[in-house]
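Structural features, examined
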Amino acid sequence: MLRDGAVIYTSKLNSLKRFKDDASEVRTGFECGAGVANFNDVKVGDILECFSVTKMSAAEAAGQGGGSAGKK
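Everything in this summary refers to the structure shown in the same document. (Residues numbered from 1 in each chain as written. Predicted model: local features only at pLDDT ≥ 70, side-chain atom pairs only at ≥ 80, totals over all residues. Heavy atoms only, no water.)

As for the packing of aromatic side chains
Counted according to the given criterion, the structure contains 1 aromatic pair. Ring geometry for Tyr9 and Phe39: centres 4.9 Å apart, planes at 25°, overall stacked. Residue Tyr9 is located in the loop between strand 2 (6-7) and strand 3 (13-18), and its partner Phe39 is located in the loop between strand 5 (33-36) and helix 1 (58-63); the two are separated by 30 residues in the primary sequence. Of the residues examined, Tyr9 reaches a relative accessible area of 25% and is grouped as partly exposed. With relative accessibility at 16%, the residue Phe39 sits in the buried group. (Phe/Tyr/Trp six-rings, centres within 6.5 Å; stacked < 30°, edge-to-face > 60°. Helix = DSSP H or I, 4+ residues; strand = E, 2+ residues; numbered from the N terminus. Buried < 20%, exposed > 50% of the residue type's maximum accessible area, 1.4 Å probe, protein only.)

Laid out in structure tokens, this is it:
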């Protein structure tokens with residue numbers, strides 16, 4: 001959750017609804033309701049920013065590097 005450009009809370013999205021029905025996704029431009037686990041201090045102007053975290057080994061991370069450091 002971002003407020004005035006600063007991260008004020010990080011947690012999991014625990015609900016997503018379209019009208020009164022649970023949803024797994026909502027297309028751009030459609031209204032929905034979202035619940036953030038253990039957070040209910042939403043204020044006008046707050047921004048809900050979603051991201052996913054993927055755990056991987058150091059070898060997997062090195063294999064995904066897009067940089068060309070050390071290559072000629």
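So, next bit.
Let's talk about the sheet that holds strand 3
Judged by pairing direction, the sheet is antiparallel, and its 3 strands sit side by side in the order 4-3-5 without closing on themselves. Strands with a single pairing partner mark the edges of an open sheet, and in this sheet they are strand 4 (21-22) and strand 5. Taken together, the 2 bridges between strand 3 and strand 4 define a ladder with antiparallel strand orientation. Bridge pairing in strand 4 links Arg18 to Asp21. (Pairing = 2+ DSSP bridges.)

Things to note about the environment of Phe19
Mapping Phe19 onto the fold places it in the loop between strand 3 and strand 4. By relative accessible area, Phe19 is classed as exposed at 68%. Here the alpha-carbon distance between Phe19 and Glu31, two residues 12 residues apart in the chain, equals 8.2 Å.

Observations regarding the pairing of strand 3
When strand 3 meets strand 5, the two strands line up antiparallel, connected through 4 bridges. Residue pairing across strands places Lys17 opposite Gly33, the latter belonging to strand 5. Counted along the chain from strand 3 to the antiparallel partner strand 4, the turn is 2 residues long, and its residue Phe19 has a positive phi close to 60°.

So, the side chain of Arg3
Mapped onto the secondary structure, Arg3 falls in strand 1 (residues 2-3). Here the side chain of Arg3 touches Asp41 through a polar contact of 2.6 Å, landing on its backbone oxygen. Setting aside chain neighbours within four positions, we find Arg3 in contact with Ile8, Phe39, Asp41, Val42, Lys43 and Asp46. (Polar contact = N/O pair within 3.5 Å; in protein donor to acceptor, adjacent residues only side chain to side chain. Contact = heavy atoms within 4.5 Å.)

Comments concerning the layout of surface pockets
Considered as a void within the structure, the largest pocket measures approximately 270 Å³ in volume. Lining the largest pocket are 13 residues, with Ser11, Leu48, Glu49, Cys50 and Phe51 positioned closest to its centre. Taken together, the residues of the lining of the largest pocket sort by class into 9 nonpolar, 2 polar and 2 charged. Taken as a whole, the second largest pocket encloses approximately 160 Å³ of empty space. (1 Å grid on protein atoms, 1.4 Å probe; cavity = no way out; pocket = protein on both sides within 12 Å on 5 of 7 lines; lining within 4 Å. Points joined across faces, edges and corners; volume = space filled by probe spheres on them. Nonpolar A, V, L, I, M, F, W, Y, C, P; charged D, E, K, R; others polar.)

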